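Read off the chains here:
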Amino acid sequence: QVQLVESGGGLVQPGGSLRVSCAASGSILSINAMGWYRQFPGKQRELVAAITSGGSTNYADSVKGRFTISRDNAKTTVYLQMNSLKPEDTAVYYCNAEIITTGWVVRDYWGQGTQVTVSS
């Protein structure tokens, strides 16, 4: 059993900052890439940022220079530091991870989602 638990969403004013976290737990042998996606009402989920086990990162053009993705040393927790937030960043943010579980099964897991609202 594997779980991704997110925390840190909320309401912030335009120009403000917020950090969301996602911790993986369970029968995990290894975690490959981890990432953050977001979903606007009525739209498909879109990639915000991703980080490999080696630390390589990838960002959506809309967040480059404002958001930073990172992982802890144990590589089971991923963070998204969001600065200079804009109202158009308002969305539900989901954590994603490619996890190898006991039995060497590889699959994608998703967190439950956390609401980020940017509004004055």
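Just so it is clear, the model here is predicted, and its values are computed rather than measured.

**Topic: the environment of Ser-27**
Checked against the element boundaries, Ser-27 lands in the loop between strand E3 (18–26) and strand E4 (28–39). For the pair Ser-27 and Leu-85, spaced 58 residues apart in sequence, the C-alpha to C-alpha distance is 36 Å. Every residue in contact with Ser-27, bar those within four places of it in the chain, is listed here: Gln-1, Val-2, Ile-100, Thr-101 and Thr-102.

**Here we look at the sheet that holds strand E1 (residues 2–7)**
A sheet is described by the order of its strands in space; here four strands give the open sequence E1-E3-E8-E7, paired in antiparallel fashion. Each having just a single partner strand, E1 and strand E7 (67–71) make up the two edges of the open sheet. On average, each strand axis in the sheet is tilted by 15 degrees relative to the strand beside it, whichever way the strands run.

**A look at the pairing of E1**
Residues of E1 alternate between two faces, with Val-2, Leu-4 and Glu-6 buried on one and Gln-3, Val-5 and Ser-7 left unburied on the opposite face. Where E1 lies against E3, six bridges are found, and the strand directions are antiparallel. In the sheet register, Glu-6 faces E3, and the bridge partner there is Cys-22.

**Quick look at the packing of aromatic side chains**
The geometry of an aromatic ring pair comes down to the distance between the two centres and the angle between the two planes. Within this structure, the stated rule accounts for one aromatic pair. Measuring from centroid to centroid gives 5.0 Å for Tyr-37 and Trp-110, while their planes differ by 65 degrees, and the two rings are edge-to-face. Linking Tyr-37 in strand E4 with Trp-110 in strand E10 (residues 105–110), this pair joins segments that are 73 residues apart in sequence. The class for Tyr-37 is partly exposed, based on a relative accessible area of 23%. Its guanidinium or amino end placed over the ring of Tyr-94, Arg-45 lies 3.6 Å from that ring's centre, counting from NZ or CZ. Directly above the ring of Trp-110 sits Arg-45, whose terminal nitrogen or CZ lies 4.6 Å from the centroid.

**Quick word on the nonpolar core**
Where a protein is soluble and globular, its nonpolar side chains tend to be buried together. If you look at the biggest cluster of nonpolar residues, it comprises 30 residues, and the most contacted ones within it are Trp-36, Leu-80, Met-82 and Tyr-93. Secondary structure elements with two or more residues in this core: E1, E3, E4, strand E5 (46–51), E7, strand E8 (77–82), strand E9 (91–101) and strand E11 (114–118). Ranked by the residues each element gives to this core, the list is headed by E9, at five residues.

**Considerations on the state of the cysteines**
Evaluated as defined, the whole model comprises one disulfide. The disulfide that involves Cys-22 links it to Cys-95, with 2.1 Å between the sulfurs. Taking the sign of the S-S torsion, -80 degrees for the link of Cys-22 and Cys-95, the bridge is left-handed. Of the two residues, Cys-22 sits in strand E3 while Cys-95 sits in strand E9, which places them 73 residues apart along the sequence. Per residue, the accessibility class of Cys-22 equals that of Cys-95, and both read buried.

**Examining the side chain of Asn-96**
When you line up the elements, Asn-96 lands in strand E9. Note on Asn-96: relative accessible area 8%, which makes it buried. A distance of 3.3 Å separates the side chain of Asn-96 from the backbone oxygen of Tyr-109, its partner in a polar contact. Not counting residues up to four positions away in its chain, the partners in contact with Asn-96 are Leu-4, Ala-33, Met-34, Gly-35, Tyr-37, Asp-108, Tyr-109 and Trp-110.

Criteria and thresholds
Residues numbered from 1 in each chain as written. Predicted model: local features only at pLDDT ≥ 70, side-chain atom pairs only at ≥ 80, totals over all residues. Heavy atoms only, no water. Helix = DSSP H or I, 4+ residues; strand = E, 2+ residues; numbered from the N terminus. Contact = heavy atoms within 4.5 Å. Pairing = 2+ DSSP bridges. Axes fitted to C-alpha atoms, helices over the stretch in contact; angles between N-to-C directions. Buried < 20%, exposed > 50% of the residue type's maximum accessible area, 1.4 Å probe, protein only. Phe/Tyr/Trp six-rings, centres within 6.5 Å; stacked < 30°, edge-to-face > 60°. Lys NZ or Arg CZ within 6 Å of the ring centre and 35° of its normal. Core = buried A, V, L, I, M, F, W, Y, C linked by side-chain atoms within 4.5 Å. Disulfide = S-S within 2.5 Å. Polar contact = N/O pair within 3.5 Å; in protein donor to acceptor, adjacent residues only side chain to side chain.

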